[in-house]
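Topology and contacts: notes
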Amino acid sequence: MTISTSRRGGRPVAWLAGGTAVGLVLVVALVSGNADAYAAMGLPNPGTVTKIGTYVLRFVADLAAALCAGALCYAAFFVPPKDSGALTADGWSAVRLGGWAAWVWFVAAALLVPFDGAESTGVPVTAVLSPEGLAVVVSVLSEPIAWLVSAVVALVVALCCHRVLRWRPAAGLAVVAVMGLLPPVVVGHGSAGLAHDVAMNSLIIHVVTAALWLGVLVCLVLHVRRGTGRPGIAIRRYRRFAFWCWLAVASSGVVAALTLVTPSQLLTTEYGRTTLAKVAVFALLGALATLARRKRGFVALVVAETVLMLVTVGVSAGMAQQVPPALLGADLNPLQVALGYRLPGPPDALNLLLSWRLDLLLGVGFLIAAAGYVLALQRLRARGERWPAHRTATWLAGCAVGVMATSSGVGAYAPASFSVHMVMHMALNMIAPLLLVLGAPVTLALRTLTEAEGPRELLVWVLDSRLARTLCHPIVATVVFVVSYYLLYFGGVFEPVMSEHWSRMALSLVVLVSGYLFYWVVVGADPSPGRLPHLGRLGLVFAVMPFHGVFAVILMSTNTVIASNYYRTLALGWQVDLLADQRLAGVISLVVGELALVAAQVVLLVQWQHHDQLGTFRTLPADLDDEETAAYRAMLTKLRRR
């Protein structure tokens with residue numbers, strides 16, 4: 001596909017610069033017109049320089065971070081590399097753009113440490129520029145720490161971009177850059193108030209997707225303007241990418257807005273009116289993304305789409321100055337402050353069954369995994385190929401267990417009850433991974449994904465990476481699986497982790513991954529790097545059992561309550577014997593964990609038997625008579641069906 005831009009070679013860059021300027025003007029206008037925000041928060045006005053400077057820097061940091069992450073994503077997945085894996089000239093140009101954006105991101109994020117700290121405390125920035133002032137700000141407030149972490153990530157990406165010449169390191173840097181987007185999100189407005197769990201999860205989806213969309217858009221405009229390489233491939237991939245980005249950004253933005261402002265406040269508050277304006281912009285973006293799927297006028301539509309995205313970044317940065325109405329005048333009890341929602345009563349069977357609260361990250365992730373598996377099956381069957389039914393059943397069962405653990409009453413009560421938390425831990429670490437690895441998702445993905453430079457190539461890269469080989473080493477996977485229990489609950493890690501929603505989400509993800517890696521090494525249907533023989537894998541399972549049993553016995557016998565301060569500050573409305581609840585958690589851990597490990601042994605023994613039988617069939621002599629050959633073939637067919 002050849003696209004000529006010779007008549008309008010300079011217009012895309014001019015439009016991009018104009019969109020950036022408009023976004024910057026919107027930041028200043030929104031911040032200047034919201035002088036009552038500090039009074040609403042009970043803070044003095046820090047002054048115009050601090051106020052405007054903070055959010056201009058935030059606009060620059062957000063824009064640069066989006067360009068950095070999106071450019072690296074574009075280089076890795078939108079521009080086909082050479083056969084050797086090296087980046088083409090267009091891919092290298094995108095990496096170079098990402099590197100320069102990372103330097104700007106680093107400078108802006110570093111300056112936001114004193115500026116955001118001063119703005120958050122209502123003092124001029126000059127009051128915190130001393131080493132003592134910076135130390136106080138960083139030790140007391142979470143926002144400056146978040147910007148400091150973001151600055152460190154940006155610096156690492158900026159330094160590495162100058163050495164990246166292949167697509168695989170570019171993909172790795174894209175993941176690192178996306179991680180750098182998260183710290184300011186998890187400490188922002190979405191981390192406080194009622195339903196802050198929903199707000200934070202939706203904002204994570206919103207920010208990451210919007211950033212990648214904007215960065216990829218800018219790189220695509222510049223690529224088409226140059227007219228080099230094969231922009232047609234990038235355009236085809238962008239058309240699908242833009243639709244899913246718009247869907248994720250729009251839906252997550254609506255969910256986040258409904259948690260920060262009520263429908264009745266959309267017209268009566270400035271935050272609500274700004275939210276409506278942002279919704280209108282995203283509706284227009286959706287229309288442009290739909291039109292961009294057609295071939296005519298693609299360049300003009302994409303340029304207009306980019307300008308609107310730049311304006312949206314300005315609106316979002318300006319909205320950070322405004323206090324969401326949901327945070328003002330809310331009468332919350334300690335449990336609602338900590339969790340973001342109410343609990344109807346003690347965690348009895350009825351409440352655990354009825355108190356559903358969808359987890360927008362992990363819960364939706366399990367649902368997407370189940371849907372993706374079914375779609376892959378349909379693609380496989382459309383080619384006339386068959387897939388074992390038991391693999392489908394185990395995968396869907398594992399996803400169902402994950403949804404139950406994260407989004408049912410178990411997930412709702414897990415932060416408030418140690419015994420329910422242990423149920424969630426066992427489900428995510430012992431039961432769901434055992435079922436998921438038996439579904440052979442990697443094999444299914446490799447058989448159905450056909451685009452060599454897209455998701456399939458990324459999956460192959462992940463499997464062949466040094467990190468995957470290290471984590472999937474049998475000894476490493478087993479040690480991580482066992483030690484994580486002792487380190488988390490007896491190493492003083494559990495209480496600080498439970499104090500924040502984002503750290504609880506990270507804990508659930510780590511628990512799931514560690515369990516998946518262990519069961520993948522032991523009984524996984526997909527081949528894993530450095531897999532042991534069946535006898536060695538059986539020995540690993542036997543070795544894990546006593547360590548897990550000792551952990552459960554310690555929980556049942558100790559007289560020290562784990563995370564006692566955290567649970568007491570929740571001020572639950574029902575009586576809870578923390579020590580008895582902890583001992584119940586030990587019983588749950590012992591029973592569920594040991595049963596899961598025994599189930600893994602049974603699965604492993606069955607796999608071992610089938611392996612030996614199939615090996616025997618392969619070594620049969622070639623001079624068998626017809627009757628014996630037919631009998632063995634019939635038995636082999638039966639085993640394969642099973």
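Above this text sits the structure in question.
Residues numbered from 1 in each chain as written. Predicted model: local features only at pLDDT ≥ 70, side-chain atom pairs only at ≥ 80, totals over all residues. Heavy atoms only, no water.

**Quick word on the overall build of the protein chain**
Each helix and strand counted, the protein chain has 27 helices and zero strands in total. Of all 642 residues assigned to the protein chain, the portion counted as buried reaches 51%. Long-range pairs, those at least 24 residues apart, make up 80% of the contacts in the protein chain between residues at least 6 apart in sequence. Looking at the protein chain as shown, the accessible area adds up to about 29,300 Å², and 68% of this sits on carbon and sulfur atoms. (Helix = DSSP H or I, 4+ residues; strand = E, 2+ residues; numbered from the N terminus. Buried < 20%, exposed > 50% of the residue type's maximum accessible area, 1.4 Å probe, protein only. Contact = heavy atoms within 4.5 Å. Areas by Shrake-Rupley, 256 points an atom, 1.4 Å probe, with all protein chains shown as cover.)

**A short note on helix H18 (residues 441-448)**
Looking at H18, one finds that the buried residues are Pro441, Val442, Leu444, Ala445 and Thr448. What you see down the axis of H18 is that its buried residues fit within an arc of 165 degrees, all on one side. Those residues of H18 that are buried lie in contact with helix H14 (362-382), helix H15 (389-407), helix H17 (418-437), helix H19 (455-464) and helix H23 (501-523). (Arc of directions from axis to C-beta.)

**As for the pattern of salt bridges**
Evaluation of the coordinates by the stated rule reveals four salt bridges. The closest approach of N and O atoms between Glu385 and Arg383, which form a salt bridge, is 3.2 Å. Assessed through its relative accessible area of 28%, Glu385 is described here as partly exposed. Judged by relative accessible area, Arg383 falls into the partly exposed class, the value being 41%. (Salt bridge = Lys/Arg side-chain N within 4 Å of Asp/Glu carboxyl O.)

**Quick notes on the packing of aromatic side chains**
According to the stated counting rule, one finds 22 aromatic pairs in the structure shown. Geometrically, the ring pair formed by Tyr74 and Phe78 is stacked, given 5.6 Å between the ring centres and 10 degrees between the ring planes. Clustering of aromatic rings is evident, with ring pairs tying together Phe418, Phe481, Tyr485, Tyr486, Tyr489, Phe490, Phe494, Phe518, Tyr519, Phe551, Tyr566 and Tyr567. (Phe/Tyr/Trp six-rings, centres within 6.5 Å; stacked < 30°, edge-to-face > 60°.)

Keep in mind that these numbers describe shape and distance, not what the molecule does.
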